[in-house]
Amino acid sequence: MSGPNTSFDPKQVVALNDAEVEAMVAQAMGAIEQAADLEALKAARLAHAGDRSPLALANREIGALPPAAKADAGRRVGQARARVQQALVERQAVLEIARDASVLALEAVDVTMPTDRTSSGARHPLTTLMDRIADVFVAMGYEVAEGPEAEAEWVNFDALNVPADHPARSMQDTFFVESPESGVVLRTQTSPIQIRALLARPLPVYVIAPGRVYRTDELDATHTPVFHQVEGLAVDRDITMADLKGTLDHFAAVMFGPGIVTRLRPSYFPFTEPSAELDVQCFVCRGASVGDPANPCRTCGSEGWIEWGGCGMVNPKVLTAAGIDTSSYRGFAFGMGIERTLMIRSGVTDMRDIVEGDVRFTRAYGMES
Ligand code: DAH
């Protein structure tokens, strides 16, 4: 039996000789140095430090060496692998920094660059105004009422005491749906909502009804075939004209400023008796421009007063048409144009600006909801 082969020289095992190990390290170092990005470094790591890399394979050879040679070979290969490992770690750090810098550069946002903004819309001031008006009356206990825009001729006219031969019927130039015989019109006013509210609700009735109305007018600076009105109606046991006046004073104050003075001028509407035109004192000059040519007022044309709407005590014929006992109940009603209210409030001089829906006009009223 022979003794251990103490003369075995590990340098003779090709994979473990000095020059060979150095060559493996040099190759690994070259590949690591040349890796231009983290992907390339990953490939270099696999090739030169992975399980099948030359150094790993050399490492496996050590196991077959006689004990005396193991330590020396182990140290040599171990140190070689450690150098490669170290080079990998260092290169990894350098490439990560480079990657982060390029990501930052790529994703940089120049906040000073001009952009195309997506412009936001705005609510139409008519909508805002109608909502505001409804709120004023809801706060006083009114309900918001509605009716159809294609309305029965009877409701739009007859029930409101405007019979077929009444001149008021032709005063409001009417769009007929289908034919004049159809009995259906595009409502010329919000007053038919009075009839619908009285027919549909138990007494007492307090309603406010903003809505769209139609007349066969050409669009110009002061007319539009489609416009908006707001109708108010209160029917109760002890309603008087003083209630009407007080209600309108409050409404005017909210629309045109606290303390604004209102005036009722005798007038005629078929559905009210007595009837009145409602004027508000000019909220700009408060009447001071009247008779003072040196200080003209554009808002009221130096009239001192601005015509705002119509009103009166509900004609008993209207209450009767809605089946209401006029010996116990009476009421007041009023109606005004929303476009007109907007024009007065905001100094709009051309109706077409309101109708056209150009956002440059609308936006001036802000985003108020
Ligand atoms: N409906 C009328 C119009 O369009 C306005 C009006 C006047 C309504 C007097 C009323 C009222 O309720 O009492 O000209």
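Computed from a predicted model, the values in this text were never measured in an experiment.

### Topic: the pattern of salt bridges
This structure, assessed with the given rule, holds 15 salt bridges. We note a salt bridge from Lys245 to Asp249, for which the minimum N-O separation is 3.4 Å. You can see Lys245 and its partner Asp249 sitting in helix H9 (residues 241–256), four residues apart, about one turn around the helix. Here Lys245 falls in the partly exposed class, since its relative accessible area comes to 27%.

### Quick notes on the pairing of strand S8 (residues 305–314)
Burial of S8 is extensive: eight of the 10 residues sit out of reach of the surface. Both strand S7 (residues 272–281) and S8 contribute to a ladder of eight bridges, which runs antiparallel. Considered in S8, the bridge of Asp279 is made with Glu307. Sheet topology note: the S8/strand S9 (residues 330–337) ladder contains five bridges and is antiparallel. Following the sheet pairing, Gly309 is matched in S9 by Met336.

### Focus: the domain arrangement of the protein chain
Domain annotation for the protein chain reports domain 1 (14–106) and domain 2 (125–365). Spacing between the C-alpha centres of domain 1 and domain 2 amounts to 91 Å.

### Observations concerning the packing of helix H3 (residues 54–62) against helix H4 (residues 67–106)
When two helices pack together, you describe them by how their axes are tilted relative to each other and by the distance separating the axes. As a packed pair, H3 and H4 sit with axes 10 Å apart at the nearest point and diverge in direction by 160°. As judged from the angle between their axes, H3 and H4 are roughly antiparallel. Of the two possible hands of crossing, H3 and H4 adopt the one that is left-handed. On H4, the residues that touch Leu55, Ala56, Asn59 and Ile62 of H3 are Lys70, Ala73, Gly74, Val77, Ala80, Arg81 and Val84. In terms of residue class, the contact of H3 with H4 is built from seven nonpolar, two polar and two charged.

### Focus on the packing of aromatic side chains
When we look at a pair of aromatic rings, we describe it by the centre distance and by the angle of the planes. Following the criterion strictly, the structure yields 11 aromatic pairs and no others. Their ring planes at 75° and their centres at 5.5 Å tell us that Tyr142 and Tyr206 sit as a pair that is edge-to-face. Highlighted residues: Tyr142 in the loop between helix H5 (125–138) and strand S1 (143–144) and Tyr206 in strand S4 (residues 205–214), separated in sequence by 64 residues. Cluster of aromatic residues (ring-pair linked, three or more members): Phe137, Tyr142, Tyr206, Phe251, Phe256, Phe283, Trp308, Phe332 and Phe334.

### Details of the sheet that holds S8
Pairing within the open sheet is mixed, and its seven strands lie in the order S1-S4-S5-S9-S8-S7-S6. The open sheet is flanked by S1 and strand S6 (262–269), the only strands paired with a single partner. Across 10 bridges, S4 lies against strand S5 (residues 226–236) in antiparallel orientation. Of the residues in S5, the one forming a bridge with Tyr206 is Ala234. Strands in contact with H9 are S6, S7, S8 and S9; relative to S9, the strand with the most contacts, it is inclined by about 30°.

### So, the nonpolar core
Across soluble globular proteins, you tend to see nonpolar side chains buried next to one another. If you look at the biggest cluster of nonpolar residues, it comprises 41 residues, and the most contacted ones within it are Ile133, Phe256, Trp308 and Phe334. Elements supplying a minimum of two residues to this core: H5, S5, H9, S7, S8, S9, helix H11 (338–346) and helix H12 (351–356). For Ile133, the contacting residues outside a window of four places in its chain are Ile208, Val230, Phe251, Met255 and Ile338.

### Points about the site of the ligand
Taken together, 16 residues sit near the ligand, with Gln189, Ser191, Arg215, Gln229 and Glu231 positioned nearest. Within the contact set of the ligand, a nitrogen atom lies 2.8 Å away from a side-chain nitrogen or oxygen of Gln189. One nitrogen or oxygen atom from the side chain of Glu231 is found 2.6 Å from an oxygen atom belonging to the ligand. For the ligand, whose unbound accessible area comes to 360 Å², protein coverage reaches 90%. Contributions of two or more residues to the shell around the ligand are made by S5, S8 and S9.

### What to know about H11
Every buried residue of H11 is accounted for by Ile338, Glu339, Thr341, Leu342, Met343 and Ile344. Elements in contact with the buried residues of H11: H5, S5, H9, S8, S9 and H12. Of the residues one or two after H11, Gly347 is the one with positive phi, at around 65°.

### Things to note about helix H8 (residues 192–200)
Every buried residue of H8 is accounted for by Pro192, Ile193, Gln194, Ile195, Ala197 and Leu198. Where H8 is buried, its residues meet strand S2 (150–152), helix H6 (153–156), S4, S5, helix H10 (316–321) and S9.

### Examining the packing of helix H1 (residues 18–34) against H3
Running from N to C, H1 and H3 point in directions that differ by 150°, and their axes come no closer than 10 Å. Regarding the angle of H1 to H3, the classification is roughly antiparallel. Each of Val21, Met24 and Val25 in H1 lies in contact with H3, whose residues at this interface are Pro54, Leu55 and Ala58. Grouping the amino acids of the contact of H1 with H3 by side-chain chemistry returns six nonpolar, no polar and no charged.

Basis of the calculations
Residues numbered from 1 in each chain as written. Predicted model: local features only at pLDDT ≥ 70, side-chain atom pairs only at ≥ 80, totals over all residues. Heavy atoms only, no water. Salt bridge = Lys/Arg side-chain N within 4 Å of Asp/Glu carboxyl O. Helix = DSSP H or I, 4+ residues; strand = E, 2+ residues; numbered from the N terminus. Buried < 20%, exposed > 50% of the residue type's maximum accessible area, 1.4 Å probe, protein only. Pairing = 2+ DSSP bridges. Domains from an automatic or database assignment. Axes fitted to C-alpha atoms, helices over the stretch in contact; angles between N-to-C directions. Parallel < 35°, antiparallel > 145°, perpendicular 65-115°, else oblique. Left-handed = near helix turned anticlockwise from the far one by under 90°. Contact = heavy atoms within 4.5 Å. Nonpolar A, V, L, I, M, F, W, Y, C, P; charged D, E, K, R; others polar. Phe/Tyr/Trp six-rings, centres within 6.5 Å; stacked < 30°, edge-to-face > 60°. Core = buried A, V, L, I, M, F, W, Y, C linked by side-chain atoms within 4.5 Å. Near = heavy atom within 4 Å. Polar contact = N/O pair within 3.5 Å; in protein donor to acceptor, adjacent residues only side chain to side chain. Areas by Shrake-Rupley, 256 points an atom, 1.4 Å probe, with all protein chains shown as cover.

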